[in-house]
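Coordinates in review
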Amino acid sequence: MRLAGKKALITAAAAGIGRETALQFVREGAEVWALDIDSGGLNSLAAETAQIKAQVLDLTNTGDLQSFIASAGSFDILFNCAGYVAHGDILSCSLEDWQTSFDLNVKAMYVLTKLVIPGMATAGAGSIINMASVVGVGIAAPSRFAYSATKAAVVGMTKSVACDYVSAGIRCNAICPGTVDTPSLQARLNAFDDPEKARAEFAARQPLGRLGQAEEVAALAVYLASDESAYTTGVAHYIDGGWSNGGR
Ligand code: NAD
């Protein structure tokens, strides 16, 4: 078991990639603290195994994050998975879309990482994994203006933390998925007139010709959380069906 004895914190753990990662972390021996705003989703996750402790929390509430870390203590692994996809180009991006995107995708990550680093530094070890996207980092996609800006910021933050804390034994890497089949993706597809056609088009963007699976991204998170990845830090790891190598 690659994460035996490790204590991990995962945001957006009630659904999609975060949920699957929580389950894979547990299978690898970790004790997992799962954060999400969705109490129903968290309850169903926690019902799967006693190794998961669930905490309902709005990640954009800095005070709640501070109180949580004050009571939960230190962590060996932090997976900042939460992110919001705002639709639109620069002209249709409202200030509210911009603010909502940065509050969850960037500010919450900054706040939580800042709260977790001191405990990792005291332990002399830690792995931080930040959820970015291939969109905004390796490629552009239509109508993803605010989202792209936030995910580029995530990679910048990742590299900065990796650089500043490498001597403290803390690694920090980013994950950049292509299109992954999750509940929020389905919600975005449902907004199209023909969701099945949209699904086929989204899958075709990736040269491998299909959507990614949450399990595949979670497996990368397990690798980055574990000592198997001890020689990688400050890197944006693509897992995108070949999209960044040239879409079709
Ligand atoms: P999702 O969008 O399906 O689920 C996100 C979870 O975040 C939900 O359980 C939701 O309740 C929770 N959440 C939303 N706002 C919150 C808040 N304020 N406080 C606490 N929890 C909150 O998840 P997903 O599609 O697996 O995406 C996870 C991450 O992966 C995101 O950062 C996303 O940008 C990134 N990503 C996803 C894809 C994709 O195609 N699905 C591709 C690239 C990157």
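Relevant structure appears above.
To keep things clear, this report deals only with the structure shown in the data block. (Residues numbered from 1 in each chain as written. Predicted model: local features only at pLDDT ≥ 70, side-chain atom pairs only at ≥ 80, totals over all residues. Heavy atoms only, no water.)

With that out of the way, let us pick up the overall build of the chain. A count of helices and strands for the chain gives eight helices and nine strands. Radius of gyration (C-alpha) of the chain: 17 Å, near the 18 Å computed for a compact globule of 248 residues. Each principal axis of the C-alpha distribution contributes one length, and for the chain these read about 50 × 40 × 35 Å. Residue burial in the chain is summarised as follows: out of 248 residues, 48% are buried. A sequence separation of at least 24 residues applies to 70% of the contacts in the chain between residues at least 6 apart. Entry remark: accessible area of the chain is about 11000 Å², with carbon and sulfur atoms responsible for 54%. (Helix = DSSP H or I, 4+ residues; strand = E, 2+ residues; numbered from the N terminus. Rg over C-alpha atoms; globule rule 2.2 N^0.38 Å. Buried < 20%, exposed > 50% of the residue type's maximum accessible area, 1.4 Å probe, protein only. Contact = heavy atoms within 4.5 Å. Areas by Shrake-Rupley, 256 points an atom, 1.4 Å probe, with all protein chains shown as cover.)

With that out of the way, let us pick up the site of the ligand. Residues in contact with the ligand amount to 27 residues; listed here are only the nearest, Ile 17, Asp 36, Cys 81, Val 180 and Thr 182. Residue Ile 17 places a main-chain N or O atom 2.8 Å away from an oxygen atom belonging to the ligand. A distance of 2.7 Å separates an oxygen atom of the ligand from a polar backbone atom of Val 180. Relative to its unbound accessible area of 840 Å², the ligand is 88% covered by the protein chains. Mapped by element, the contributors of at least two residues to the shell around the ligand are α1 (16-27), α5 (145-165) and α6 (183-190). Tallied by class, residues from the shell around the ligand come to 15 nonpolar, seven polar and five charged. (Near = heavy atom within 4 Å. Polar contact = N/O pair within 3.5 Å; in protein donor to acceptor, adjacent residues only side chain to side chain. Nonpolar A, V, L, I, M, F, W, Y, C, P; charged D, E, K, R; others polar.)

This next bit is on the packing of α1 against helix α2 (residues 39-46). Each pair of packed helices gets described by two things: the angle between the helix axes and the distance between those axes. The geometry of α1 relative to α2 is characterised by a closest axis approach of 11 Å and an angle of 20° between their N-to-C directions. On the basis of the axis angle, α1 is roughly parallel to α2. Crossing of α1 against α2: the hand is right-handed. Where α1 approaches α2, its residues Arg 19, Ala 22 and Leu 23 are matched on the opposing element by Gly 41, Ser 44 and Leu 45. (Axes fitted to C-alpha atoms, helices over the stretch in contact; angles between N-to-C directions. Parallel < 35°, antiparallel > 145°, perpendicular 65-115°, else oblique. Left-handed = near helix turned anticlockwise from the far one by under 90°.)

Summarising the element assignment, Thr 233 is placed in the loop between α8 (214-225) and β9 (236-239). Looking at Thr 233, the relative accessible area reads 29%, which means it is partly exposed. Counting along the chain gives 70 residues from Thr 233 to Cys 163, while the straight-line C-alpha distance between them is 8.3 Å. Beyond its immediate sequence surroundings of up to four residues, Thr 233 is in contact with Ala 162, Val 166, Ile 170, Arg 171, Cys 172 and Asn 173. In this structure the side chain of Thr 233 is engaged in a polar contact, spanning 3.0 Å, whose partner is the backbone nitrogen of Cys 172.

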